[in-house]
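Overview (structure and organization)
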There are 2 protein chains.
Amino acid sequence: MASLKIPELVPSAAEDSQQLRKAFVGLGTDEARIIEILGHRNAAQRKLIRETYQTTYEKDLLKDLDGEISGDFQRVVHLWTMDPAERDACLANEATKHLPDNNCIIMEIACARPSDDLFKVRQTYHACYKKSLEEDISDHSTEDFRKLLVPLVTAFRYEGDEVNMTLASNEAKILHEKISDNAYSDEELIRILSIRSKTQLNATFNQYNDQFGNAINKDLKSIPKDAYLKLLRSAIKCLTKPEKYFEKVLRLAMKGMGTNEESLTRVVATRAEIDMELIKERYYQRNSMPLDRVISDDTSGGYERMLLALIGHGDL
Amino acid sequence: MASLKIPELVPSAAEDSQQLRKAFVGLGTDEARIIEILGHRNAAQRKLIRETYQTTYEKDLLKDLDGEISGDFQRVVHLWTMDPAERDACLANEATKHLPDNNCIIMEIACARPSDDLFKVRQTYHACYKKSLEEDISDHSTEDFRKLLVPLVTAFRYEGDEVNMTLASNEAKILHEKISDNAYSDEELIRILSIRSKTQLNATFNQYNDQFGNAINKDLKSIPKDAYLKLLRSAIKCLTKPEKYFEKVLRLAMKGMGTNEESLTRVVATRAEIDMELIKERYYQRNSMPLDRVISDDTSGGYERMLLALIGHGDL
C-alpha cells in the first residue's frame, strides 16, 4: 500500500515540465512547486516528465534540480525523481563504497524488492557502472559479509504461493542445527536464505518457531551487537516482513537527539510507492506516535515538506 | 556464426503452418516437408509458426509433431522448434533429474549463454516448473557440484569489453594458489569464475598462463577422471572458447562404435543458430573430417537429414 497521493486530474508531462522550469528560473527557487509536482507523481509519470523536460529544454531535470536545491531536500527530491531501478543501482553503488557500514542497504535491495525489480537493478548496474553489482560487493566486502551478500543479490526467487511443508520442516531443522553450532555463515544456511521463495521461507521460519520454541531471529541474537548477525536478522525480517524492518530503520533514524537523514530519506524515497501505508501503521503501533508528527519534529523546510508529501500527509 | 540456412523468400507463418498440417494428415508423415520448413526457420519465425498453428488449428504444434514422428528425429525436431529459453529450461529441468551425470548440461546453459539469455531461462523456469532453477539444482546435487553450479546459474555477467589487468593478475594468483592447494571448490575460486565478465576471465586465464607457465585447465588435470575437476575444466572452456567445448562434446558423442544421440542432438539444436560454423571449423581442424560426413556415418533417416539441415549441409 503506497502512501503517494496523485491528483485525480494529472497535468500532462509537458505542463509539469514547464511548471518545473518556471520554478527554477529567476531569483530563488519555487520549492513548493517542485514538491507539488514531483511529490505527487508516480514512477511512470516522473519518467515521462524527465523525458519531456530533456527534449523540451535539452537539459537533465535531475541536474537542474541539483543546481537549484541543496542538502537533504535535494537528496530526497533527487532520489525520488529517479527511476526505481536506477535509484536502487545508485544506492547500491554508493553503499559498496562504504562497506561494511552500509551492508544493510545492499541487503534491503536484495531482500525487499520483487524478483523482477532486483533483476532490473542488476541490469541498470551494468549500464551505469560497467560491471556487475556482485563484483562491486565482492571487491569491497569481507569474508562473511561477502558470503551472504553475493548470493542474496544474485537471487531470482520464485514468486508463486506454493509451499512445500516437508521441505520447510527439513530446512527449519538444518537452520536450527547450523545456528546451534554458531555456523552462521554456513553455506547451507545461506543457500536456503538465498534460493527459496519468500513464501517458502516464511513457512520454514514458522516451522522453526514451532519445532524449536523460539523465533529464528531470537536465536540469532546470541551476540546482540555482532554486525554479521545483525545483518542476517535484518535479511530474515526484510524477506518476510519488510514493513517491520523499515519501521525499525525509521524508528532508529529519529530516536533521541539528532536524526539519521540518510536512512530517513532512503526509506521514504524507496517505500512511498510500495508499502509506506503499512510502515506507517506499524510505526504507530510500535511508537504510539504517528510517523508524520515525528518527521515534522525532526526535520524542517523543503525537506520536511517533501517527506510529508511522500508519506501521504495532508490533502492534495 | 550460425549454420542455419534460411531461404531468401520465407513463406508466411500461415503458409508454413498449413504445409506442416498437410505433412501430418493422411497416412504416413511427410518428414521431408517438416525438415524443409522447420529446419530452415530462425527462432522468431518458428515462434510465429507455433502461434499461428495454435490459432488456426487449435492444437499445439509441438504435441502434433510428437504424435507424428518418434525417436531421435522427434527429439531433435521438438527441441529445435522450442523457443530457445524454453528449450534451455526444459534441458536444465531434465538434467536436474539425472544429476550428477548431467551436470555438464546445466554448466553449458550457465556458461555458454549470453547473460540476458541465461536470465530468460531462469524466468521461463519459474513459469514452467513453479520453482527456481537454482532450487532444483540445489535439491538434486551434492556438495562440491552444488557449490559450483548454483553460483554459475545465478550469474548475470557484465558483457562489456573492459578489462582490468591488475585484477586479472591478482585473480590469476588467487586461482593458482587455490589450485596448488587442491582447493578446487574453494569459495574464492568459484566466486571469481561466477561473477567476472567473460572478457575479464579470459584476461585472467592468460595471466595465469603467463605467470605460471601452464594453462589453467592443464593444472586442473591433476586427477584426470575426477568428475568435479572435469566439470570445472569444461566450465572454463565454455566461458572462454565455447566452440572448442562443443567440438569436444560432438567428437566424444560420435567416437568409436555407437553414438551418444542425446549429446549430438542437444549440441546441434542449441548451437545451430549461434556458432555452429565455428564449431564445424574447429571440428574439421581437430578431426580432419568434416562434421557433416561424420554425422552421416553415425545417423540415418529423418534424424540424419534434420541434423544435416541444421548444420547447414547442402543447398537450400
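Residues numbered from 1 in each chain as written. Chains lettered and ligands numbered in written order. Predicted model: local features only at pLDDT ≥ 70, side-chain atom pairs only at ≥ 80, totals over all residues. Heavy atoms only, no water.

**Quick word on the UniProt feature "binding site: Ca(2+) 1" (unreviewed entry) in chain A**
Residue and element names in this part refer to chain A. The criterion, for reference: UniProt positions are given in the numbering used here, feature names are shortened, and annotations may be inferred rather than shown by experiment. Helix numbers and strand numbers start at the N terminus; a helix is a DSSP run of H or I with at least 4 residues, a strand a run of E with at least 2. When checking whether two residues touch, look at their non-hydrogen atoms; a contact exists if any pair is within 4.5 Å.
In the numbering used here, UniProt assigns the feature "binding site: Ca(2+) 1" (unreviewed entry) to Phe24, Gly26, Gly28, Glu68, Gly258, Thr299 and Glu304. Their sequence span is 281 residues, while the largest C-alpha to C-alpha distance among them is 34.7 Å; these annotated residues do not converge on one region. Mapping Gly28 onto the fold places it in the loop between helix 1 (13–24) and helix 2 (31–38). Residue contacts for Gly28: discarding those within four places in its chain leaves Ala23 and Glu68. Excluding its chain neighbours within four sequence positions, the residues that come into contact with Gly258 are Ala253 and Asp298.

**Focus on the interface of chain A and chain B**
Where interface size is quoted, it is often the accessible area lost as the parts come together. This is how the line gets drawn: What gets called buried area is simply the loss in accessible area from a 1.4 Å probe that two parts show on being joined, summed for both. The rule for a salt bridge is simple: a side-chain nitrogen of Lys or Arg has to be within 4 Å of a carboxyl oxygen of Asp or Glu. As used in this structure description, the phrase polar contact means that two N or O atoms lie within 3.5 Å; if the pair is within protein, one of them must be able to donate a hydrogen and the other to accept it, and residues adjacent in sequence are counted only when both atoms belong to side chains. Polarity classes work like this: nonpolar for Ala, Val, Leu, Ile, Met, Phe, Trp, Tyr, Cys and Pro, charged for Asp, Glu, Lys and Arg, and polar for all others, with Gly in that last group.
Between chain A and chain B, the residue contacts involve 27 residues of the former and 26 residues of the latter. A per-residue breakdown of the area chain A buries against chain B is headed by Phe156, Tyr158 and Ile195 of chain A, which together make up 25% of the total. Applying the counting rule to chain A against chain B returns six salt bridges. Here Glu135 of chain A makes a salt bridge to Arg196 of chain B, at a shortest N to O gap of 2.9 Å. One can count twelve residue pairs in polar contact (both at pLDDT 80 or more) joining chain A with chain B. Those elements giving two or more residues to the side of chain A that touches chain B turn out to be helix 8 (115–129), helix 9 (133–140), helix 10 (143–154) and helix 12 (187–195) of chain A. Here the residues of the side of chain A that touches chain B are counted per class, giving six nonpolar, six polar and 15 charged.

**Some details on helix 19 (residues 291–298) of chain B**
Residue and element names in this part refer to chain B. Test applied: Buried means the residue's accessible area, taken with a 1.4 Å probe over protein chains only, is under 20% of the maximum for its type, while exposed means over 50%, and partly exposed covers the values in between. By definition, the arc is the one covered by directions from the helix axis to the C-beta atoms.
Within helix 19, burial applies to Leu291, Val294 and Ile295. Across the axial projection of helix 19, the buried residues extend over an arc of 100°, all falling on one side. Looking at the packing, one finds that the buried side of helix 19 touches helix 16 (242–253), helix 17 (261–271), helix 18 (276–287) and helix 20 (301–310).

**Re the domain arrangement of chain A**
Residues and elements named next belong to chain A. Going by this rule: Residue ranges for the domains originate in an automatic or database domain assignment.
Partitioning chain A into domains gives domain 1 (13–69), domain 2 (84–154), domain 3 (165–240) and domain 4 (242–311). Using C-alpha coordinates to define each centre, domain 2 is positioned 23 Å away from domain 4. Between domain 2 and domain 4, the residue contacts involve nine residues of the former and seven residues of the latter. The contact between domain 2 and domain 4 buries some 720 Å² in all, and 51% of this surface belongs to carbon and sulfur atoms. By the criterion of area lost to domain 4, the three top residues of domain 2 are Arg87, Glu108 and Ala112, representing 56% of everything that side buries. Taken together, the connections running from domain 2 to domain 4 amount to one salt bridge.

**Looking at the packing of helix 6 (residues 84–96) of chain B against helix 17 of chain B**
All names here are of chain B. As a reminder, the rule being used: Only the stretch in contact is used when fitting a helix axis, every axis being a line fitted to C-alpha atoms; angles between N-to-C directions are given from 0 to 180 degrees. An angle below 35 degrees is treated as roughly parallel, one above 145 as roughly antiparallel, one from 65 to 115 as roughly perpendicular, and anything else as oblique. Left-handed describes a crossing whose near helix is turned anticlockwise from the far helix through less than a right angle; right-handed describes the clockwise counterpart.
Here helix 6 crosses helix 17 at 155°, and the two axes come no closer than 11 Å. Judged on the interaxial angle alone, helix 17 and helix 6 are roughly antiparallel. Helix 6 and helix 17 meet at a crossing whose hand is left-handed. Contacts from Arg87, Asp88 and Leu91 in helix 6 reach Arg266, Ala269 and Thr270 in helix 17. In the contact of helix 6 with helix 17, the residues fall into two nonpolar, one polar and three charged.

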